[in-house]
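Report on the structure
The lines below spell out each chain.
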Amino acid sequence: MLIEVEGFIVSETPYGETSKIINVYTKEKGLIGIMCKGAKSLKSPFRAGTQTLSYGVFCLSYKEGKISTLRSVDIINPLKEIHNDLDKMVIVSYLTKLIIQVVKQNNNKKIYDLFISTILKINDNLDALTLCNILELKLLPFLGVGLNLDSCNKCGNKTNIVTIDASYGGLICKDCYQNELIVDLKVVKLIRMYYYIDIGSITSIKVEDKYKKVINKFITDYYDSFTGLYLDKKMLDYKEY
């Protein structure tokens, strides 16, 4: 069956001397494997459009549950700003590994839209780490571990919030506080904004480094505590992205 799918190449594997198999995250079919015959050859029309972290429309002979075969590829956006910036490449590479794990648990098509919107905003030179954190938060409901950011996670109190703690599961009010680390309430406000904001509507981002560091750690700890996913975030050891 010949079909066209929009997708993002998350990984590739050599096959023989001149071919390779690309793993593509698509909105229509989720994660699929595609055989690209001769794509490693210098003169191959597939060479440029089948590199990892490429975003395009793939025409293929589709086989459900098996390796499909590429017939043609048209790049939607070359993502030049990402491919020319090592820091952006690191963030996007991490996000592809994250999205693979998430989609294996939940293949909701909305996840694809969130992922692509994030990639395009990073390519538009908006803050890559902040966008990464926004996407991480937005993926939590699809993993069944969404955050309650409106009240204390223990008693439901909506007032006198004093901090947020990953191992605790969210907000902590004054009455329930024990010995958790107190964070600036600006961090709480930013996390709440990240959780609810429409990624496509973002036109600028400016978050102080001290807040970015705390937010990134909170999200990492929350994933470790509640999602069951393995996230190698060593590549994202905090720096000013």
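Check the entry above for the structure.
Not measured: the values here are computed from a predicted model. (Residues numbered from 1 in each chain as written. Predicted model: local features only at pLDDT ≥ 70, side-chain atom pairs only at ≥ 80, totals over all residues. Heavy atoms only, no water.)

Observations regarding the nonpolar core
If you look at soluble globular proteins, the nonpolar side chains tend to sit buried side by side. Grouped together as the largest cluster of nonpolar side chains are 64 residues, with contacts concentrated most on Phe 8, Leu 95, Leu 98, Phe 115 and Tyr 223. Put simply, the parts of the chain that give this core at least two residues each are strand S1 (2–15), helix H2 (86–105), helix H3 (109–123), helix H4 (128–139), strand S6 (161–165), strand S7 (170–173), helix H5 (185–196) and helix H6 (209–226). When residues in this core are grouped by element, the largest group, nine residues, is from H2. Aside from chain neighbours lying at most four places away, what touches Leu 98 is Glu 136, Leu 139, Tyr 223, Leu 229 and Leu 231. Grouped together as the second largest cluster of nonpolar side chains are 15 residues, Ile 3, Ile 22, Phe 46 and Tyr 62 included. (Core = buried A, V, L, I, M, F, W, Y, C linked by side-chain atoms within 4.5 Å. Buried < 20%, exposed > 50% of the residue type's maximum accessible area, 1.4 Å probe, protein only. Helix = DSSP H or I, 4+ residues; strand = E, 2+ residues; numbered from the N terminus. Contact = heavy atoms within 4.5 Å.)

Details of the pattern of salt bridges
In total, this model carries eight salt bridges according to the counting rule given. Between Lys 20 and Glu 12 there is a salt bridge whose closest N-O contact spans 3.0 Å. In this structure Lys 20 comes out as buried when scored by relative accessible area, which is 2%. Here the residues in one salt-bridge network are Asp 127, Asp 209 and Lys 212, joined through shared partners. (Salt bridge = Lys/Arg side-chain N within 4 Å of Asp/Glu carboxyl O.)

Observations regarding the packing of aromatic side chains
Under the criterion given, the structure shown has six aromatic pairs. Aromatic pair Tyr 222 and Phe 226: ring centres 4.7 Å apart, planes at 40°, arrangement tilted. With Tyr 222 and Phe 226 both in helix H6, this residue pair falls four residues apart, about one helical turn. With relative accessibility at 34%, the residue Phe 226 sits in the partly exposed group. Grouping aromatic residues by their ring pairs yields a cluster made of Phe 8, Tyr 25, Tyr 112 and Phe 115. (Phe/Tyr/Trp six-rings, centres within 6.5 Å; stacked < 30°, edge-to-face > 60°.)

Remember that the coordinates give geometry; whether it matters functionally is a separate question.
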